[in-house]
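Residue-level listing of the chains:
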Amino acid sequence: MLAWFVATAVLATWYVFRDPTFDYRLLIVGSLIPSVVDLIAGGARMLHSVVFSVVLLGVIMVATTGRRPLRRTLLGLPLGTLLHLVFSAAWVDTELFWWPVSGLRFDDSSSLFVDRGLLNVPLEVIGLILLWWIYRAADLADPAIRSDFASTGRLTLGVN
């Protein structure tokens, strides 16, 4: 499931912040990383832990002290991982969500993608529809706007 996480992360961020200067590129990467790592690792691991996202946020905040433009760009990464936790319903697996507070082992943590089974299909279809809507609302069919998004990560949805 890729479209579901990208679309929900972009729309949630847009509707909360409404910041036309926000860089969505790292948000998109952050929203996908937990699932990609799960598929490689063969099951849900520490990237589906709220502790991971909070530590990532803390590291970025400390590492970018005095460098506000860099901080502003990098904050999309932990925001994306946190939104992935929300839209993957990671909190239903208490041991995984609170790792390592709940213990250090990943005994039965199969991929959340696999656990959802056929529910992935409608979620991905909804994600594709939302991505199409984002594409249209942001006027990404225009090559200049698409090029600006690729180089700056800025996305302006034509909605209020």
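Quick caveat, the model's predicted, so the values are computed rather than measured. (Residues numbered from 1 in each chain as written. Predicted model: local features only at pLDDT ≥ 70, side-chain atom pairs only at ≥ 80, totals over all residues. Heavy atoms only, no water.)

K.L.:
Honestly, the overall build of the chain in this entry has me stumped. Any pointers?
P.N.:
The helix and strand tally for the chain stands at nine helices and zero strands. Moving toward the C terminus, one meets the helices and strands of the chain in the order α-α-α-α-α-α-α-α-α. When the 160 residues of the chain are sorted by exposure, 38% land in the buried category. Sequence-distant contacts in the chain: of pairs separated by 6 or more residues, those separated by 24 or more amount to 69%. Carbon and sulfur atoms provide 70% of the accessible area of the chain, an area that totals close to 8800 Å². (Helix = DSSP H or I, 4+ residues; strand = E, 2+ residues; numbered from the N terminus. Buried < 20%, exposed > 50% of the residue type's maximum accessible area, 1.4 Å probe, protein only. Contact = heavy atoms within 4.5 Å. Areas by Shrake-Rupley, 256 points an atom, 1.4 Å probe, with all protein chains shown as cover.)

K.L.:
Looking at this structure, how should I read a nonpolar patch on the surface?
P.N.:
On the surface, L118, V121, V125 and I129 cluster together to form a nonpolar patch covering roughly 410 Å² of accessible area. If you trace the backbone, L118 turns up in the loop between helix 7 (112-116) and helix 8 (120-137). (Patch = residues over 30% accessible without salt bridge, like charges linked within 9 Å, V, L, I, M, F, W, Y side chains within 5 Å. Salt bridge = Lys/Arg side-chain N within 4 Å of Asp/Glu carboxyl O.)

K.L.:
How should I be thinking about the packing of helix 1 (residues 3-17) against helix 2 (residues 24-41) in this particular structure?
P.N.:
Between two packed helices, both the angle of their axes relative to each other and the distance between the axes serve to describe the pair. For the pair helix 1 and helix 2, interaxial distance at closest approach is 9 Å and the crossing angle is 135 degrees. As summarised for this structure, helix 1 and helix 2 are arranged oblique, according to the angle between their axes. In the crossing of helix 1 with helix 2, the sense of the turn from one axis to the other is right-handed. Within the contact between the two elements, helix 1 uses F5, V6, A9, V10, T13 and W14 and helix 2 uses Y24, L27, I28, S31, L32 and S35. (Axes fitted to C-alpha atoms, helices over the stretch in contact; angles between N-to-C directions. Parallel < 35°, antiparallel > 145°, perpendicular 65-115°, else oblique. Left-handed = near helix turned anticlockwise from the far one by under 90°.)

K.L.:
Got a minute to help me understand helix 3 (residues 50-63) in this structure?
P.N.:
Three or four residues apart is the spacing at which side chains of an α-helix point the same way, because the helix has 3.6 residues per turn. Helix length check: helix 3 (14 residues) gives 20 Å between terminal C-alpha atoms against 20 Å at 1.5 Å per residue, within 8%. Contacts made by the buried residues of helix 3 are with helix 4 (68-74), helix 5 (76-87) and helix 6 (94-97). (Expected span 1.5 Å × (residues − 1).)

K.L.:
It is not clear to me how the packing of aromatic side chains should be interpreted in this structure. Could you clarify?
P.N.:
Two aromatic rings, taken as a pair, are described by how far apart their centres are and by the angle between their planes. What the rule picks out here adds up to three aromatic pairs. Seen in terms of ring centroids, F17 and F22 are 6.5 Å apart; in terms of plane orientation they differ by 10 degrees. Their pairing is stacked. When its relative accessible area of 47% is taken as the criterion, F17 is described as partly exposed. Assessed through its relative accessible area of 10%, F22 is described here as buried. Site record: aromatic cluster; members linked through ring pairs are F17, F22 and Y24. (Phe/Tyr/Trp six-rings, centres within 6.5 Å; stacked < 30°, edge-to-face > 60°.)

K.L.:
Looking at this structure, I do not really get the packing of helix 1 against helix 8. What am I missing?
P.N.:
Running from N to C, helix 1 and helix 8 point in directions that differ by 50 degrees, and their axes come no closer than 7 Å. By the angle between their directions, the pair helix 1 and helix 8 is classed as oblique. The two elements helix 1 and helix 8 meet at a crossing, and its hand is left-handed. Between helix 1 and helix 8, the contacting residues are A3, W4, V6, A7, V10, L11 and Y15 on the first element and L123, E124, I126, G127, L128, L130, L131, W133 and I134 on the second. Among the residues forming the contact of helix 1 with helix 8, the class breakdown is 14 nonpolar, one polar and one charged. (Nonpolar A, V, L, I, M, F, W, Y, C, P; charged D, E, K, R; others polar.)

K.L.:
I tried to follow the layout of surface pockets on my own but got confused; where do I start?
P.N.:
Taken as a whole, the largest pocket holds about 230 Å³ of empty space. Lining the largest pocket are F17, D19, F22, L57, R68, R71, R72, L75, P78, L79 and L82. Those elements that place two or more of their residues in the lining of the largest pocket are helix 4 and helix 5. Its residues placed into classes, the lining of the largest pocket shows seven nonpolar, no polar and four charged. (1 Å grid on protein atoms, 1.4 Å probe; cavity = no way out; pocket = protein on both sides within 12 Å on 5 of 7 lines; lining within 4 Å. Points joined across faces, edges and corners; volume = space filled by probe spheres on them.)

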